[in-house]
Amino acid sequence: MAVDPLIELRDVNKYFGELHVLQDVSLTVGRGEVVVVIGPSGSGKSTLCRAINRLEPVASGTITLDGQPLPEEGRDLARLRSEVGMVFQSFNLFAHKTVLQNISLGQVKVRRRKKDEADRRSRELLDRVGLADQADKYPAQLSGGQQQRVAIARALAMDPKALLFDEPTSALDPEMINEVLEVMRQLARDGMTMVVVTHEMGFARSAANRVLFMADGRIVEDRTPEEFFTHPRSDRAKDFLSKILKH
Ligand SMILES: Nc1ncnc2c1ncn2[C@@H]1O[C@H](COP(=O)(O)OP(=O)(O)O)[C@@H](O)[C@H]1O
Ligand SMILES: [Mg+2]
């Protein structure tokens, strides 16, 4: 695809003490692109996501969003966080707030929307993720798959330029995984720019423009899903695929 860069990392390095957790990571994610990140546990996938919305500072290199360097702190950083939505394995919903309140909160606080306007937008988004009838429930009254769809609606409510997903289905019972992946597939079809850390290879094959394979803090492969799954180049990727595709 013609690349209109939205997220760009250049020679990014990060350490946790002695551990060199991101090693010269360079990556361009084009607008509307869906990039799936896979790799063994501990390879730096979560740290990569967290660096992109600056939940983690980096030691060197540059990260830009839509041509702008990531802000260091304060109001600009809060705005960045709202422009790059993040969906985690644990849904992180406020337990004592209703589904509707969970989705409207950030719109009012960060986007400065009026409550009515925020609630209207929240209901539209709940409809989009198939939960129109759950607005007044509390998170604990929903299944894991439903809670994760609320978390996605909450991220979308900020009108993000991109969404980062860090193993969004890993905490779910198997029968709920698909309802979440289906919402993500629809977002991909609608042109949302997405970076998705996942072990769901079916999703990678069907929705990703590119697959990044990470090992030991490096991007070892960056290929189309077709190329990656049929002809992985590195021994690390071959070994990883043989392990996960067995079950
Ligand atoms: N806050 C932290 N402090 C120290 N080490 C960390 C921290 N977060 C992650 N690590 C280490 O960094 C490495 C990469 O972690 P992570 O990015 O979570 O990998 P992945 O998501 O691929 O499993 C791991 O060895 C992990 O133990
Ligand atoms: Mg992780």
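What you are looking at is a predicted structure, and each value in this text was computed from that prediction instead of being measured.

**Student:** Could you give me a rundown of the environment of glycine 17, with the residues and numbers involved?
**Tutor:** For glycine 17, the position within the fold is in the loop between strand 1 (5–16) and strand 2 (19–30). The exposure class of glycine 17 is exposed, given its relative accessible area of 67%. Sequence-wise, glycine 17 and glutamate 200 are 183 residues apart; in three dimensions their C-alpha atoms are separated by 31 Å.

**Student:** If you had to explain the side chain of threonine 169 to someone new, which residues and values would you point to?
**Tutor:** Position of threonine 169 among the secondary structure elements: in the loop between strand 7 (162–166) and helix 6 (174–189). Once residues within four sequence positions are removed from consideration, threonine 169 is found in contact with Ile177, Val180, Leu181, Thr198 and Glu200.

**Student:** Talk me through the sheet that holds strand 2; I want residue IDs and the actual numbers.
**Tutor:** The sheet built from four strands is open, its strands ordered 2-1-4-5 with antiparallel pairing. Strands with a single pairing partner mark the edges of an open sheet, and in this sheet they are strand 2 and strand 5 (68–69). For strand 4 (residues 60–65) and strand 5, the ladder comprises two bridges, and the chain directions are antiparallel. The residue of strand 5 that forms the bridge with leucine 65 is glutamine 68. With respect to the sheet, helix 1 (residues 45–52) is in contact with strand 1, strand 2 and strand 4, its orientation differing from that of strand 2 by roughly 60°.

**Student:** Requested: an account of the site of ligand 1, with residues and values cited.
**Tutor:** Taken together, Phe16, Leu19, Val21, Pro40, Ser41, Gly42, Ser43, Gly44, Lys45, Ser46 and Thr47 are the residues near ligand 1. Glycine 42 is positioned such that a nitrogen or oxygen atom in its backbone is 2.7 Å from an oxygen atom of ligand 1. Within the backbone of serine 43, one N or O atom sits 3.2 Å away from an oxygen atom of ligand 1. Relative to its unbound accessible area of 560 Å², ligand 1 is 58% covered by the protein chains. Of all elements in the fold, only strand 2 and helix 1 reach the threshold of two or more residues within the shell around ligand 1. A total of three residues in the shell around ligand 1 trace back to one element, the largest contributor, which is helix 1. Of the residues belonging to the shell around ligand 1, the class tally is four nonpolar, six polar and one charged.

**Student:** Break down the environment of leucine 100 for me, citing the residues and quoting the values.
**Tutor:** As for its position among the elements, leucine 100 is in helix 3 (residues 99–109). Through-space distance from the C-alpha of leucine 100 to that of alanine 118 is 9.3 Å; in sequence the pair is 18 residues apart.

**Student:** Can you tell me about the layout of surface pockets, naming the residues and giving the values?
**Tutor:** Each pocket or cavity is described by its volume, and for the largest pocket that value is around 610 Å³. Listing elements by their share of the lining of the largest pocket, those giving two or more residues are helix 2 (74–83), strand 6 (84–87), helix 3 and helix 5 (144–156). The dominant element in the lining of the largest pocket, judged by the number of residues it contributes, is helix 3, at four residues. Approximately 180 Å³ is the volume attributed to the second largest pocket. For the second largest pocket, the full set of lining residues is Ala51, Arg54, Glu56, Pro57, Val58, Gly61, Thr62, Ile63, Pro69, Leu70 and Glu72.

**Student:** Please set out the pairing of strand 3 (residues 34–38) residue by residue, giving values where relevant.
**Tutor:** Among the five residues in strand 3, five count as buried, and that is most of the element. As judged from the four bridges shared by strand 3 and strand 8 (residues 193–197), these two strands associate in the parallel manner. Across the sheet, residue valine 35 finds its bridge partner in strand 8, namely valine 195. Pairing between strand 3 and strand 9 (residues 210–215): four bridges, direction parallel.

Reading the values: the criteria
Residues numbered from 1 in each chain as written. Chains lettered and ligands numbered in written order. Predicted model: local features only at pLDDT ≥ 70, side-chain atom pairs only at ≥ 80, totals over all residues. Heavy atoms only, no water. Helix = DSSP H or I, 4+ residues; strand = E, 2+ residues; numbered from the N terminus. Buried < 20%, exposed > 50% of the residue type's maximum accessible area, 1.4 Å probe, protein only. Contact = heavy atoms within 4.5 Å. Pairing = 2+ DSSP bridges. Axes fitted to C-alpha atoms, helices over the stretch in contact; angles between N-to-C directions. Near = heavy atom within 4 Å. Polar contact = N/O pair within 3.5 Å; in protein donor to acceptor, adjacent residues only side chain to side chain. Areas by Shrake-Rupley, 256 points an atom, 1.4 Å probe, with all protein chains shown as cover. Nonpolar A, V, L, I, M, F, W, Y, C, P; charged D, E, K, R; others polar. 1 Å grid on protein atoms, 1.4 Å probe; cavity = no way out; pocket = protein on both sides within 12 Å on 5 of 7 lines; lining within 4 Å. Points joined across faces, edges and corners; volume = space filled by probe spheres on them.

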